[in-house]
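Summary of the model geometry
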Amino acid sequence: MRIEKMVSQGSTGKADLVMPGTNMFASKLRVSDFAPCPTMIPAALALVAGALCGLVLTGTLQAAGTAVSQKGRMFHPGNLVVGRGDTITFVNDDSDLLHHVFVESDSFSFDSGDQEPGSRTPVTFTERGTFQVLCGIHPKMKLVVRVD
Ligand SMILES: [Cu+2]
């Protein structure tokens, strides 16, 4: 409560006591501090900065999710492990075939409807477990997704 009050007072003297700390915290999180990676600091620090850059990139890739290709009447890959809440994007890479991805289980179900060639279908796996992902048009297409 006390901090909120001080911040809301804006330009008062009390707010000045809050601002320096806030700025320092914000600057530590800014991506621009790491990109481009500094070259004029000692090697040890450069390694740390490089690791932080890597963390930022990894976070971006995870946020983008996982893609599964539907090609030649198969899922590629055929097995996947993701985290709960992750999104898998199904990409119909067959130029002349419809696909129709679905999951049917007690805890989690999904049905894409027809997927036109070239279309992308995101599916968010909200429950833990191991799920068979099938194609409603090509019975031999199978993908096993384990959600941890
Ligand atoms: Cu199919």
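Below or above, wherever it landed, is the structure these notes cover. (Residues numbered from 1 in each chain as written. Predicted model: local features only at pLDDT ≥ 70, side-chain atom pairs only at ≥ 80, totals over all residues.)

The helix and strand inventory of the protein chain stands at three helices and nine strands. When the elements of the protein chain are put in sequence order from the N terminus, they spell out α-α-α-β-β-β-β-β-β-β-β-β. Pairs at least 24 residues apart make up 41% of the contacts formed inside the protein chain by residues separated by at least 6 positions. (Helix = DSSP H or I, 4+ residues; strand = E, 2+ residues; numbered from the N terminus. Contact = placed C-beta atoms within 7 Å.)

The next point concerns the sheet that holds strand 9 (residues 142–147). Strands in a sheet are paired, the pairing made by backbone hydrogen bonds, and the direction either parallel or antiparallel. Taken in spatial order, the five strands make up an open sheet running 3-9-8-5-6, and their pairing is mixed. Edge strands, defined here as strands with exactly one partner in the open sheet, are strand 3 (79–82) and strand 6 (109–111). Strand-to-strand twist in this sheet, taken as the mean axis angle between neighbours without regard to direction, amounts to 25°. The pairing of strand 8 (residues 129–135) with strand 9 spans six bridges and is antiparallel. Residue pairing in the sheet places Phe-131 in a bridge with Val-145 of strand 9. (Pairing = 2+ DSSP bridges. Axes fitted to C-alpha atoms, helices over the stretch in contact; angles between N-to-C directions.)

With 13 residues, the main nonpolar core has Val-68, Ile-88, Phe-90, Phe-125, Val-133, Leu-143 and Val-145 as its most contacted residues. Elements that contribute at least two residues to this core include exactly strand 4 (87–92), strand 8 and strand 9. Once residues within four sequence positions are removed from consideration, Phe-125 is found in contact with Val-82, Arg-84, Asp-86, Ile-88, Phe-108, Val-145 and Val-147. (Core = buried A, V, L, I, M, F, W, Y, C linked by C-beta atoms within 7 Å. Buried ≥ 20, exposed ≤ 12 C-beta atoms within 10 Å, placed from the backbone.)

Here five bridges tie strand 1 (residues 66–71) to strand 4, and the two strands are oriented parallel to one another. Within strand 4, the residue paired with Thr-66 across the bridge is Ile-88. Alignment of strand 1 against strand 2 (residues 74–76), held across three bridges, turns out to be antiparallel. Each bridged residue has a counterpart across the sheet, and for Lys-71 the counterpart in strand 2 is Met-74. Between strand 1 and strand 2, which pair antiparallel and follow one another directly, the connecting turn spans two residues, one of which, Gly-72, has a positive phi of 60°.

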